[in-house]
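Examination of the molecular architecture
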Amino acid sequence: MYRKLLIAIDPEDDGEGKRALEAAMELLAEEGELHLASVYSPGGGGFFPHVTEEAPEQKEGEVREVLDLLVRKYLPLNRTASLHVVAGNAGEKLVGLAGQLGADLLLLVSRGGGGHWPLRRATVEYVAVNAPCPVLVLPALDKTEPDTREEASD
């Protein structure tokens, strides 16, 4: 059992968050600390990198609200989690946060190169190689296609 677990969460994927929290509950010691982290890109406006469509504080607040909702939906009532929302390069920020917290395990869900997090595969690889603690990468859940064989045989 781990005493300090850090989970990287994509705020735009509720299913991923649920899956990661379920796995964390199986791995976390009874008195362990759970930390949820999401890294967002501060963005930029091309030639005007200081101009963004929304203020960084607004984006951070939106991501924090999503993480808070995930915790309320999927975390058992007797458990708590600390939320961490940071701007920058996802791999570097996650590795830094794991070191800062003294995490015993960093948990990620991998979807390969797709999804909303840019360079997801590169991020997972960077974290796995550079993290100051063990890294557990959960494979993505494949979406099952409806079975249409019965309909075709009718």
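Structure: above.
As for the overall build of the protein chain
- The secondary structure content of the protein chain amounts to 5 helices and 5 strands.
- Listed by position from the N terminus, the elements making up the protein chain come as β-α-β-α-β-α-β-α-β-α.
- Relative to its full complement of 154 residues, the protein chain shows a buried share of 37%.
- Once local pairs closer than 6 in sequence are excluded, the contacts in the protein chain between residues at least 24 apart make up 75%.

Brief notes about the pattern of salt bridges
- The final tally for this structure, using the stated rule, is 5 salt bridges.
- For R72, the salt bridge is made with D68, and the minimal N-O distance between the two is 3.0 Å. With R72 and D68 both in helix 2 (residues 56-74) and 4 residues apart, this pair spans about one turn of that helix.
- Relative accessible area serves as the criterion here: at 32%, D68 is assigned to the partly exposed category.

A look at helix 3 (residues 90-101)
- Along its 12 residues, helix 3 runs 16 Å from first to last C-alpha, staying within 8% of the 16 Å computed at 1.5 Å per residue.
- Of the positions making up helix 3, those classed as buried are A90, G91, L94, V95, L97, A98 and L101. Buried residues of helix 3, seen end-on, are gathered within an arc of 165° and therefore sit on one face of the element.
- Buried-residue contacts for helix 3 involve strand 1 (2-8), strand 2 (28-40), strand 3 (82-87), strand 4 (105-110) and helix 4 (120-130).
- The opening residue of helix 3, the one whose side-chain oxygen lies 3.1 Å from the backbone nitrogen of G91, is N89.

Notes on the packing of helix 3 against helix 4
- Taken N-terminus to C-terminus, the directions of helix 3 and helix 4 make an angle of 30°; their axes are 8 Å apart at the nearest point. Here helix 3 is positioned roughly parallel relative to helix 4, judged by the angle of their axes. For the element pair helix 3 and helix 4, the recorded crossing hand is right-handed. Mapping the contact onto sequence places A90, G91, E92, L94 and V95 in helix 3 and T123, Y126, V127 and N130 in helix 4.
- Taken together, the residues that form the contact of helix 3 with helix 4 break down as 5 nonpolar, 3 polar and 1 charged.

About the thresholds
- Residues numbered from 1 in each chain as written.
- Predicted model: local features only at pLDDT ≥ 70, side-chain atom pairs only at ≥ 80, totals over all residues.
- Heavy atoms only, no water.
- Helix = DSSP H or I, 4+ residues; strand = E, 2+ residues; numbered from the N terminus.
- Buried < 20%, exposed > 50% of the residue type's maximum accessible area, 1.4 Å probe, protein only.
- Contact = heavy atoms within 4.5 Å.
- Salt bridge = Lys/Arg side-chain N within 4 Å of Asp/Glu carboxyl O.
- Expected span 1.5 Å × (residues − 1).
- Arc of directions from axis to C-beta.
- Polar contact = N/O pair within 3.5 Å; in protein donor to acceptor, adjacent residues only side chain to side chain.
- Axes fitted to C-alpha atoms, helices over the stretch in contact; angles between N-to-C directions.
- Parallel < 35°, antiparallel > 145°, perpendicular 65-115°, else oblique.
- Left-handed = near helix turned anticlockwise from the far one by under 90°.
- Nonpolar A, V, L, I, M, F, W, Y, C, P; charged D, E, K, R; others polar.

Note that every value here comes from positions in space, so none of it alone points to a role or purpose.
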